[in-house]
Amino acid sequence: MSDSAVWACGIEPETVCSSDKMNILKKVSFFRSPGILCTFAAMMRKNIHIYIGILAALVLAAGCDVIEYHPYDTRVRGETGINLRNTALIEQQMAGRKTFRFAMISDTQRHYDETRKAIDAINARGDIDFVLHGGDQADFGETKEFMWTRDFMSHLWMPYVCLLGNHDCLGTGRDVFGTIYGPVNFVFTAGNVRFICLNTNALEYDYSHPVPDFGFLEDQITRQPYGAEKTIVLMHVPPGDVEFNNNVAKPFERYLLMLPGIQFCLYGHNHYYAEGELFNDGLMYYGCTSIDRRGYFVITIKEDGYEIEKCSF
């Protein structure tokens, strides 16, 4: 028997005696036989559907996440239509009240540990009626970013609503936001306060859409519901920021001042706390910090005013 045949079996030739070499050669010759190979191939072809079925079953048993879709695939798994459902719940729970307390978090993108800790801190307080998210759940507009944040927010013990941020607009983010949460401009009433939530991410729309939407704002001025005595405006990007359409900043402010009982404006985006009159007209703007700075607002609405508390966790 040649040493090359023994080498083919992965054995050192000098360590094998002549009789063992003959046995190895017989085995190698058997498996190299054309008849054996043809029989093996025929068996594979005959049972190929069985092998495919077993493989498919293993993949399905491992779960759908084995199949990785494009990050901007707009198919959403889980809860959708959250803002519409939760605003109805807030209105139901807050009906007739003139004092209440809500929290605001903002700019949670990529900071999931801090988001979870903030939710735990808000739940632990026991005095929060609902929660506002000021936008930027996503950093890159990927579908999973929205679903991950939604799943974290679902652990809140009270209703919550989410605004659209500029990072949420990237990729197919606007479509995914619409599916999970709903329209980018929306309103709800908590007790005697009307909350107007606006899309102000003008730069992300390339100025091809009315952002901010003055038609929507005008409807809120003329159609204030019965019992709503005050107004609070929420947005992601404030006037003066490069993302805002500052060509219409002053008309925007005039519209806000026309809202019945306007109290103040809330925004996120800048990742730090801020407060001040942006137009020196008495209307206060309050900026909420980002979640990675481990802070959030708690806002108490009173019959004769309001208090804003900066909270840490």
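Being a predicted model, the structure only gives us computed values, none of them experimental.

Participant: Quick question: what am I supposed to make of the pattern of salt bridges here?
Facilitator: Working definition: two side chains of opposite charge can pair if their charged atoms are close together. Inspection of the entire model under this criterion finds 10 salt bridges. In this structure, the salt-bridge partner of Asp139 is Arg110, at a minimum N-O distance of 2.7 Å. With a gap of 29 residues between them, Asp139 in the loop between strand S2 (130–133) and helix H7 (143–153) and Arg110 in the loop between strand S1 (100–105) and helix H6 (112–125) connect regions that are remote in the sequence. Note that Asp151 and Arg150 form a salt bridge whose closest N and O atoms lie 3.0 Å from each other. Under the relative-accessibility criterion, Asp151 is labelled partly exposed at 37%. Three or more residues are tied together by salt bridges with common partners; here these are Arg101, Arg125, Asp127 and Glu309.

Participant: Looking at this structure, how should I read the pairing of S1?
Facilitator: Burial runs high along S1: 5 of the 6 residues are buried. In the sheet, S1 pairs with strand S10 (residues 295–302) via 5 bridges, with the strands oriented antiparallel. Residue Ala103 lies in a different strand from S10, and its bridge partner there is Val298. In this structure, S1 lies alongside S2, joined through 4 bridges in parallel fashion. Bridge assignment links Ala103 to a residue of S2, and that residue is Val131. You can see the chain leave S1, run along H6 and come back into S2, and the turn it takes is right-handed.

Calculation rules
- Residues numbered from 1 in each chain as written.
- Predicted model: local features only at pLDDT ≥ 70, side-chain atom pairs only at ≥ 80, totals over all residues.
- Heavy atoms only, no water.
- Salt bridge = Lys/Arg side-chain N within 4 Å of Asp/Glu carboxyl O.
- Helix = DSSP H or I, 4+ residues; strand = E, 2+ residues; numbered from the N terminus.
- Buried < 20%, exposed > 50% of the residue type's maximum accessible area, 1.4 Å probe, protein only.
- Pairing = 2+ DSSP bridges.
- Right-handed = clockwise from strand over helix to strand, strands pointing away.

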